[in-house]
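# Fold and geometry: a report
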Amino acid sequence: MNAILNVGVPKGYSDLSLHLDPLELIASSAARVGVSKNYLAMVTAAKIQNFSLVTQKFDDFSVSVAATAGCKHGESSGEQMDVQELCGTINIIVLIDGKPSDSCMVAALITATEAKSAALRDLDVRSFYSGDSATGSITDSVTIASLNQGKTIELAGPASKLGKAIGYCARHAVTEALLKQEPFWGSRSVQDRLKERNLTLEKLAAEVSKVDGLTVDVAHLIDILRKNPAVGAYLLAATKLDDDYKKNLIPTDFTDWNETSKCFGALTVANLDCSRMLNYENVDLPPFLKYVLIGIVQKSHNRGFPEKT
């Protein structure tokens, strides 16, 4: 193989043309840089100039990872998804100045993929489809290449010397490339973070308004968040606990998740007997977020939680 190309899709290029005949764009792009055969090509809509290159050098080998990244339509591998639009691609090229064995090359690909998912977790990128933690996008690509010189390297798992270098370089390259292409991942609001979990303020307002005598609209919720930033911290903490609840990861110390979620919500109002709080079974929100949000809105109305009679 003579070359590895990461081909940027020109602005205005037809999405239909790209998917009907991707080789036309690839071949014409390769020709412009004097490459006509024995090459590997990836395609991305990300701006190529937003690439990141991270290198680590050792006495017996070196690793360089180049990445471009976009993840507006992240996905969580294994989930159900109805894909209507292809948007966002993470392309990774791992270059090894060394002589990895065939099995080592396979392990290197796995390690680089794990590092990509770790980078997305670091930025709390969520699946566009489910709101779960994203593992990538549906069009990602990883390429491993080597100069095939020097002493044979057998291992590239995450704990091996080569694997640690690949993991470090890939994780940092993907993070940097993603922040270059889509800077908003590093500066989202509480409202943004909730929306990424499919929890829009419209949905939250509609569900809380099901509580008797507790009507709230989006403008009211925005005003609450603006006046008291700690409210946002409560909401985000609740969504993390609800992530664990969804995956049945509630700690064994919590003998009753419903009781615990009520007590967590009660912290937003005052010290009270959370066992006497209502269940609000008509409010269709995850348990921790439900009680926190109801408590926050109750407090904004200068009311406490009504108790069971």
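Quick summary incoming for the structure in this document. Here the structure is a predicted model, which means the values were calculated and not measured. (Residues numbered from 1 in each chain as written. Predicted model: local features only at pLDDT ≥ 70, side-chain atom pairs only at ≥ 80, totals over all residues. Heavy atoms only, no water.)

## Observations concerning the pairing of strand S4 (residues 62–69)
- The element S4 is largely enclosed, with a buried count of seven among its eight residues.
- Both strand S3 (residues 52–57) and S4 contribute to a ladder of six bridges, which runs antiparallel. Counterpart to Ser 52 in the pairing with S4 is Ala 67.
- The turn linking S3 back onto S4 is made up of four residues. (Buried < 20%, exposed > 50% of the residue type's maximum accessible area, 1.4 Å probe, protein only. Helix = DSSP H or I, 4+ residues; strand = E, 2+ residues; numbered from the N terminus. Pairing = 2+ DSSP bridges.)

## Let's talk about the nonpolar core
- Core analysis: the largest hydrophobic core is formed by 34 residues, its most contacted members being Val 63, Val 94 and Leu 162.
- Elements with a minimum of two residues in this core: S4, strand S6 (90–97), helix H3 (102–122), strand S9 (141–146) and helix H4 (161–181).
- The biggest single contributor to this core is H4, with nine residues.
- Non-local contacts of Val 94, meaning those with residues more than four positions away in its chain, are made with Val 63, Ser 64, Val 65, Ala 112, Thr 143, Ile 144, Ala 145 and Ile 166.
- In this structure, Leu 204, Val 211, Met 277 and Ile 294 belong to the second largest nonpolar core, which totals 32 residues. (Core = buried A, V, L, I, M, F, W, Y, C linked by side-chain atoms within 4.5 Å. Contact = heavy atoms within 4.5 Å.)

## Structural notes on a nonpolar patch on the surface
- Residues Met 81, Val 83 and Ile 138 make up a contiguous nonpolar surface patch of roughly 190 Å² in combined accessible area.
- Residue placement: Ile 138 occurs in the loop between strand S8 (136–137) and S9. (Patch = residues over 30% accessible without salt bridge, like charges linked within 9 Å, V, L, I, M, F, W, Y side chains within 5 Å. Areas by Shrake-Rupley, 256 points an atom, 1.4 Å probe, with all protein chains shown as cover. Salt bridge = Lys/Arg side-chain N within 4 Å of Asp/Glu carboxyl O.)

## Side note on the pattern of salt bridges
- Evaluation of the coordinates by the stated rule reveals 14 salt bridges.
- Between Asp 122 and Arg 171 there is a salt bridge whose closest N-O contact spans 2.8 Å. With Asp 122 in helix H3 and Arg 171 in helix H4, this residue pair connects regions lying 49 residues apart in the sequence.
- It is possible to trace a salt-bridge network through shared partners that takes in Asp 124, Arg 126, Arg 193, Arg 197 and Asp 243.

## Notes on the environment of Lys 246
- The topology assignment puts Lys 246 in helix H8 (residues 229–246).
- Classification of Lys 246 by relative accessible area gives exposed; the value is 53%.
- Once the C-alpha coordinates of Lys 246 and Pro 286 are considered, the two residues, 40 residues apart in sequence, prove to be 8.4 Å apart.
- Excluding residues that lie within four positions of it along the chain, Lys 246 makes contacts with Ser 130 and Asp 132.

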